[in-house]
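# Tertiary structure, described
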Amino acid sequence: MQGKDPLLSGKRYLVTGGGRGLGGEICKMLGDAGASVIVADVDERLAHQCAEGLRDAGVDARAVCTDVSDPGSVSQLFKEVARDGGRLDGLINNAAIDITLPVEEVDTDQWRRVLMVNLYGPYLLSHGAVPLMKAQRSGHIVNIASTASKRAWPNASAYHATKWGILGFSHALHAELRPHGIKVSAVVAGGMRTPFLLDRFADIDTSTLQDPANVARAVRFVLTQPDETVIPEVM
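The text that follows walks through the structure, step by step, so that each part is easy to find. These numbers were taken from a predicted model, which means no experiment stands behind them.

## Here's the deal with the overall build of the protein chain
Tallying secondary structure elements over the protein chain gives seven helices and seven strands in all. Along its sequence from the N terminus, the protein chain presents helices and strands in the succession β-α-β-α-β-α-β-α-β-α-β-α-α-β. In summary, the protein chain has a C-alpha radius of gyration of 17 Å against a globular reference of 18 Å for 235 residues, a match within 12%. When its C-alpha atoms are laid out on the principal axes, the protein chain stretches across 50 × 35 × 35 Å. Within the protein chain, buried positions represent 51% of all 235 residues. Split by element, the accessible area of the protein chain, about 10800 Å² in all, is 53% carbon and sulfur. In the protein chain, 24 side chains carry a positive charge and 27 a negative one; their mean positions are 7 Å apart.

## Brief notes about helix α1 (residues 21-32)
Taking 1.5 Å per residue as the helical rise, α1 with its 12 residues ought to reach 16 Å, and the 17 Å between its terminal C-alpha atoms agrees with that figure. The buried count for α1 comes to nine of 12 residues, which makes it a mostly enclosed element. Along α1, the residues that are buried comprise L22, G23, G24, I26, C27, M29, L30, G31 and D32. In this structure, the buried side of α1 is in contact with β1 (12-16), β2 (36-41), α2 (44-56), β4 (90-93), β5 (139-146) and α7 (212-223). The positive-phi residue at the C-terminal boundary of α1 is G34, with phi of around 100°.

## Some remarks on the sheet that holds β2
For sheets, the rule is that strands pair by backbone hydrogen bonds, running either parallel or antiparallel. Read across the open sheet, the seven strands follow the order β3-β2-β1-β4-β5-β6-β7; overall the sheet is parallel. This sheet does not close on itself; its edge strands, each paired only once, are β3 (61-65) and β7 (233-234). Across the sheet, helix α4 (residues 108-136) touches β1, β4, β5 and β6 (182-189), and the angle it forms with β4 is around 170°.

## A closer look at the nonpolar core
Side chains of nonpolar character tend, in soluble globular proteins, to be buried together. Residues I26, L30 and V219 are the most contacted members of the largest nonpolar core, which totals 30 residues. Those elements giving two or more residues to this core turn out to be β1, α1, β2, α2, β3, β5, β6 and α7. Not counting residues up to four positions away in its chain, the partners in contact with V219 are I26, M29, I92, V142, I144 and V187. Counting residues in hydrophobic clusters, the runner-up holds 29 residues, among them A40, A95, I166 and F169.

## Comments concerning α2
Taking 1.5 Å as the rise per residue, α2 with 13 residues should run 18 Å; its terminal C-alpha atoms sit 18 Å apart, in good agreement. Residues of α2 that are buried: L46, A47, C50, A51 and L54. Here the buried residues of α2 occupy an arc of 125° about the axis, which is enough to place them on one side. Projecting away from the buried face of α2 at angles above 90 degrees are the exposed residues R45 and D56. Buried residues in α2 make contact with α1, β2 and β3. Among the residues of α2, the N-terminal cap falls to D43, whose side-chain oxygen and the backbone nitrogen of R45 are separated by 3.0 Å.

Each value, and the rule that gives it
Residues numbered from 1 in each chain as written. Predicted model: local features only at pLDDT ≥ 70, side-chain atom pairs only at ≥ 80, totals over all residues. Heavy atoms only, no water. Helix = DSSP H or I, 4+ residues; strand = E, 2+ residues; numbered from the N terminus. Rg over C-alpha atoms; globule rule 2.2 N^0.38 Å. Buried < 20%, exposed > 50% of the residue type's maximum accessible area, 1.4 Å probe, protein only. Areas by Shrake-Rupley, 256 points an atom, 1.4 Å probe, with all protein chains shown as cover. Lys, Arg positive; Asp, Glu negative; His and termini not counted. Charge placed at Lys NZ, Arg CZ, Asp CG, Glu CD. Expected span 1.5 Å × (residues − 1). Contact = heavy atoms within 4.5 Å. Pairing = 2+ DSSP bridges. Axes fitted to C-alpha atoms, helices over the stretch in contact; angles between N-to-C directions. Core = buried A, V, L, I, M, F, W, Y, C linked by side-chain atoms within 4.5 Å. Arc of directions from axis to C-beta. Polar contact = N/O pair within 3.5 Å; in protein donor to acceptor, adjacent residues only side chain to side chain.

Below, the structure is given as structure tokens:
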């Protein structure tokens, strides 16, 4: 725990996929730094569990059950954001899913679901957040990418397509929004000891994986740069 950070304290952040794993670590990092946190997760139980833990630690936190791929669900989320004046200092697009199968074996609905969560979701969240941030002339969008946006391995075509896409989307938003005082950063993370991998690959070598808290600290690093400095991508 690093304690309160004057660059984050009092600010308000929205984290998707915030119920556990990397999202949970990002929520904890922000809360420890003194920020208030909206924990958005498709699993309502996990979202509330994370928010309750944060509140027990003295953090201003609330949970919202959100399917990032559903426009109606995202619209409801931003009604929650509108509470307390609607200020939003940062959006962390973290929610993601994967399917590990050869391309000819991936059901079309499965492939589409990965696309909708991993790429359409960040669009929907950014679509809702940018008007608020433009009105403030400040804000920071952090898109959690992956080394899957830099190199490829078999049986992950949908995941690779979306992570290469989120990296391009992030750089496009950086170019578009910088004149409005809004920063956009992509954090390209390697494998972590989180349920995203551990629940799917029982025989994975955990010694090759990192603590998600390390990636949360990278998010903190990009969020705490001076106003005149933005880091579009960190790997």
